Amino acid sequence: MSKQLTTRSSDSISLEEAKDRDVQRSLWRSIFIIATCTAAMVVNVSNISSVSISLPNIERDLDIKEEQLQWLISAYSLSSGCFLLFFGRLADIYGRKKAFMIGTLSQVAFSLGCGFAQSGTTLVILRAFQGIGAAATIPSSLGILAHAFPPSKMRSIAFAAFAAGAPVGGAFGMIIGGVLVQITSSHWRSTFYLVAVVSALTGICGMISFDADVTSTEAVDWIGASVVTVGLVMIVFVLGQGEVASEGWKTPYIVALLTVGIIMVSLFLLWERYLEKGIDDPYRAQSAWRPPPLMSLSLWTRARGRMAVILAISFLNSCTFTSWSFWVQLYYQNYLLLTPMQTMLRFIPMFIVGCLCNFLVAMFVGKLSFVVFAVGGTLLTAFAPILLALIDPTATYWAFCFPSTILIVVGADLVYSAGMIFIAKIALPHEQSVAGALFQTMAQASIIKLADISTIVFNIVVKTESADLGVTLNSTGTNAPLSAQLKGYRSAQWTCASFALMAALLAALCLHGVGIVGHKKTLKHVDSDQTIAVRFESKDG
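Residues numbered from 1 in each chain as written. Predicted model: local features only at pLDDT ≥ 70, side-chain atom pairs only at ≥ 80, totals over all residues. Heavy atoms only, no water.

To continue, consider the overall build of the protein. Scanning the protein from terminus to terminus reveals 17 helices and four strands. Relative to its 541 residues, the protein shows a buried fraction of 56%. Contacts in the protein between residues far apart in sequence, at least 24 positions, make up 80% of those at least 6 positions apart. Entry remark: accessible area of the protein is about 22400 Å², with carbon and sulfur atoms responsible for 67%. (Helix = DSSP H or I, 4+ residues; strand = E, 2+ residues; numbered from the N terminus. Buried < 20%, exposed > 50% of the residue type's maximum accessible area, 1.4 Å probe, protein only. Contact = heavy atoms within 4.5 Å. Areas by Shrake-Rupley, 256 points an atom, 1.4 Å probe, with all protein chains shown as cover.)

Positive phi values are uncommon outside glycine, yet Arg304 reaches one of about 60 degrees. Its location among the elements puts Arg304 in the loop between helix 10 (252-277) and helix 11 (306-335). Residue Arg304 is classed as exposed on the basis of its relative accessible area, which comes to 81%.

It should be kept in mind that the predicted coordinates are not to be read in detail where pLDDT is low. A residue-level look at the protein finds 86% of positions with pLDDT of 70 or above and a mean pLDDT of 81. Here strand 4 (residues 532-537) stands out as the least confident element of the protein, with mean pLDDT 34; helix 14 (residues 370-389) is the most confident, with 95. Per-residue pLDDT stays below 50 along residues 1-23; that stretch engages in 55 contacts with residues further than four places along the chain or on separate chains. (pLDDT = per-residue confidence, 0-100.)

The next subject is the environment of Met207. Locating Met207 in the fold gives a position in helix 8 (residues 189-209). Along the backbone, Met207 and Thr36 are 171 residues apart, and their C-alpha atoms lie at a distance of 9.8 Å. The residues contacting Met207, other than those within four sequence positions of it, are Lys97 and Met101.

Aromatic ring pairs are defined here through the distance separating the ring centres and the angle between the ring planes. For the structure shown, the criterion picks out 23 aromatic pairs. On the basis of an interplanar angle of 40 degrees and a centroid distance of 6.1 Å, the ring pair of Phe83 and Phe87 is categorised as tilted. Of this pair, Phe83 and Phe87 both sit in helix 4 (residues 71-94), separated by four residues, roughly a single helical turn. Look at Phe87 and you get buried, because its relative accessible area is 17%. (Phe/Tyr/Trp six-rings, centres within 6.5 Å; stacked < 30°, edge-to-face > 60°.)

Applying the stated criterion across every chain, the model contains four salt bridges. The shortest N-O distance in the salt bridge between Asp92 and Arg96 comes to 2.6 Å. Residue classification places Asp92 among the buried residues on the basis of a relative accessible area of 1%. Classification of Arg96 by relative accessible area gives buried; the value is 12%. (Salt bridge = Lys/Arg side-chain N within 4 Å of Asp/Glu carboxyl O.)

Here helix 11 is 30 residues long and its end C-alpha atoms lie 42 Å apart, about the 44 Å a rise of 1.5 Å per residue gives. Counting buried positions along helix 11 gives 23 out of 30 residues, so the element sits mostly inside the fold. Looking one or two places after helix 11, you find Leu337, whose phi comes out positive at around 60 degrees. (Expected span 1.5 Å × (residues − 1).)

Of all hydrophobic cores here, the largest spans 106 residues; its most connected members are Leu145, Phe162, Phe370 and Leu511. The element contributing the most residues to this core is helix 15 (residues 401-426), with 15 residues. Dropping the residues within four chain positions of it, Leu511 is found in contact with Arg306, Val309, Ile310, Ile313, Phe370, Val371, Ala374 and Leu506. In this structure, Leu62, Trp71, Ala75 and Leu123 belong to the second largest nonpolar core, which totals 23 residues. (Core = buried A, V, L, I, M, F, W, Y, C linked by side-chain atoms within 4.5 Å.)

A rise of 1.5 Å per residue sets the reference length of helix 13 (residues 348-364), with its 17 residues, at 24 Å; its end C-alpha atoms lie 25 Å apart and thus fit the reference within 8%. The complete set of buried residues in helix 13 reads Pro349, Met350, Val353, Gly354, Cys357, Asn358, Val361 and Ala362. On its buried face, helix 13 sits against helix 7 (153-183), helix 11, helix 12 (340-345), helix 14 and helix 15.

Turning our eyes to something else, we now look at the environment of Thr381. When you line up the elements, Thr381 lands in helix 14. Taking the C-alpha atoms as reference points, Thr381 and Cys496, separated by 115 residues in sequence, lie 9.3 Å from one another. Ignoring any residue separated from it by four or fewer positions in sequence, one finds Thr381 in contact with Asn317, Thr320, Leu407, Ile408, Gly411, Ala412 and Ala500. In terms of polar contacts, Thr381 uses its side chain to reach the side chain of Asn317, at 3.3 Å. (Polar contact = N/O pair within 3.5 Å; in protein donor to acceptor, adjacent residues only side chain to side chain.)

Here the focus is the side chain of Ser30. Take Ser30: it is sitting in helix 2 (residues 27-62). If we skip the residues at most four places from it in the chain, Ser30 touches Arg25 and Phe149.

This paragraph deals with the packing of helix 7 against helix 8. Close contact between helix 7 and helix 8 brings their axes to 8 Å; oriented N to C, the two are set at 130 degrees. Classed by the angle they form, the pair helix 7 and helix 8 counts as oblique. Relative to helix 8, the crossing made by helix 7 is right-handed. Each of Phe172, Ile176, Gly177 and Leu180 in helix 7 lies in contact with helix 8, whose residues at this interface are Ser190, Thr191 and Leu194. Counted by class, the contact of helix 7 with helix 8 contains four nonpolar, three polar and no charged residues. (Axes fitted to C-alpha atoms, helices over the stretch in contact; angles between N-to-C directions. Parallel < 35°, antiparallel > 145°, perpendicular 65-115°, else oblique. Left-handed = near helix turned anticlockwise from the far one by under 90°. Nonpolar A, V, L, I, M, F, W, Y, C, P; charged D, E, K, R; others polar.)

This part covers the side chain of Arg306. By the secondary structure assignment, Arg306 is in helix 11. We classify Arg306 as buried; its relative accessible area is 17%.

Okay, here's the thing in structure tokens:
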């Protein structure tokens with residue numbers, strides 16, 4: 001069903017006018033759009049990494065219990081992951097620029113609130129609201145890039161740059177977070193103040209550079225949005241809380257929430273199928289009770305079902321990346337007893353290599369088959385935790401940790417960058433933000449899921465090894481022998497590697513016929529009297 005477009009305000013234009021904007025936009029403005037969207041991704045990822053490296057200081061300053069401490073990370077990931085799909089659809093209907101600005105303002109306000117928080121509970125709640133802001137900015141950024149840059153070499157560059165925001169954000173958060181925690185008087189609070197400033201600058205840049213919104217008169221599937229959001233919140237909450245609940249996974253409220261969450265997600269899928277069947281029915285009028293679906297289930301079957309495969313690979317590979325980051329940071333600070341500054345220095349290669357890798361993706365995505373990026377990226381991602389699973393603690397940083405850091409960022413970027421370009425290519429114009437939100441949701445869900453699984457493995461191994469050595473662990477496990485801790489870290493990294501290896505197998509079996517997903521045309525900018533027009537030429541032309 002085609003979208004009905006209308007002019008809503010001075011920031012809203014028709015589809016025909018939007019097409020004209022694509023031609024008339026200058027090269028510098030295009031660069032500004034890419035940089036602004038990339039900055040939004042940097043802010044999103046740094047919101048996780050900067051807090052991770054500040055956790056010990058936050059724990060001491062606010063006297064937070066250890067089981068509550070994990071929610072400073074999980075609350076952000078939970079809220080942003082659960083609301084991505086909802087805000088992605090709102091952005092497609094009401095305007096991606098509006099959604100981006102609202103999300104950015106939310107980031108500024110709640111980042112400042114986090115900086116002034118005086119209790120652990122307040123900080124966790126504010127972190128959840130901070131994540132909702134990210135849920136609005138990330139899918140709208142993906143939709144803005146897909147709309148601003150039709151299939152071309154420039155689109156490949158745009159998405160590769162956006163993907164570079166992930167390693168840059170991770171390194172930025174760890175580097176700046178580590179520095180601020182050690183040298184500023186307000187310590188961990190400074191990281192939130194910095195995020196607020198960067199978010200404000202990003203919002204100003206978006207207001208200036210983004211094209212006017214293309215809006216729609218379609219109704220919003222509020223029923224589906226409510227059902228799936230509540231269901232996802234319950235499921236993701238259980239994944240993060242199940243291990244630390246009083247009776248573990250047998251705790252009554254854990255069982256109840258998981259059951260209700262699964263039922264609600266199932267109802268959402270049935271409801272979306274019902275709505276999608278009625279799209280092409282000429283006798284069925286649209287209404288608030290029969291709107292277009294929030295997420296067309298046919299989206300999962302695009303490209304002969306490979307859309308679903310890409311989403312699964314994204315989830316598995318992101319599981320490895322996020323959990324590797326979690327455990328290597330604990331290894332540095334808890335086992336090697338490094339300071340936040342020393343830990344930060346060991347992550348600097350991620351920043352440099354991540355940028356170079358995404359540049360290479362932009363150069364070669366139009367020349368190499370997609371399966372090369374998918375299989376190669378997942379295998380490189382798997383080799384990174386394998387190196388740390390075999391680590392010799394007495395060896396130099398350059399022997400194990402440095403190559404592992406290089407491999408993890410290269411592998412993750414190959415999969416993420418090429419995956420986003422593939423999804424932008426097969427998604428319809430009116431569902432770009434939803435498709436991007438779905439892709440990002442897979443990555444966000446991995447932050448909680450594998451960290452939980454690898455934590456279970458770590459705890460089991462440490463307890464077993466400690467018992468064999470005749471040591472009874474205390475409630476926090478801080479008296480575990482170093483040899484038991486080392487085996488725990490190694491086992492957690494083997495768990496990380498298993499997920500990436502499953503992704504590699506899936507990619508090799510299901511993506512061999514995809515071919516090249518990047519565009520083979522190049523962009524040429526031609527000077528005119530008023531602006532720089534963009535036109536497409538073939539390589540031979």
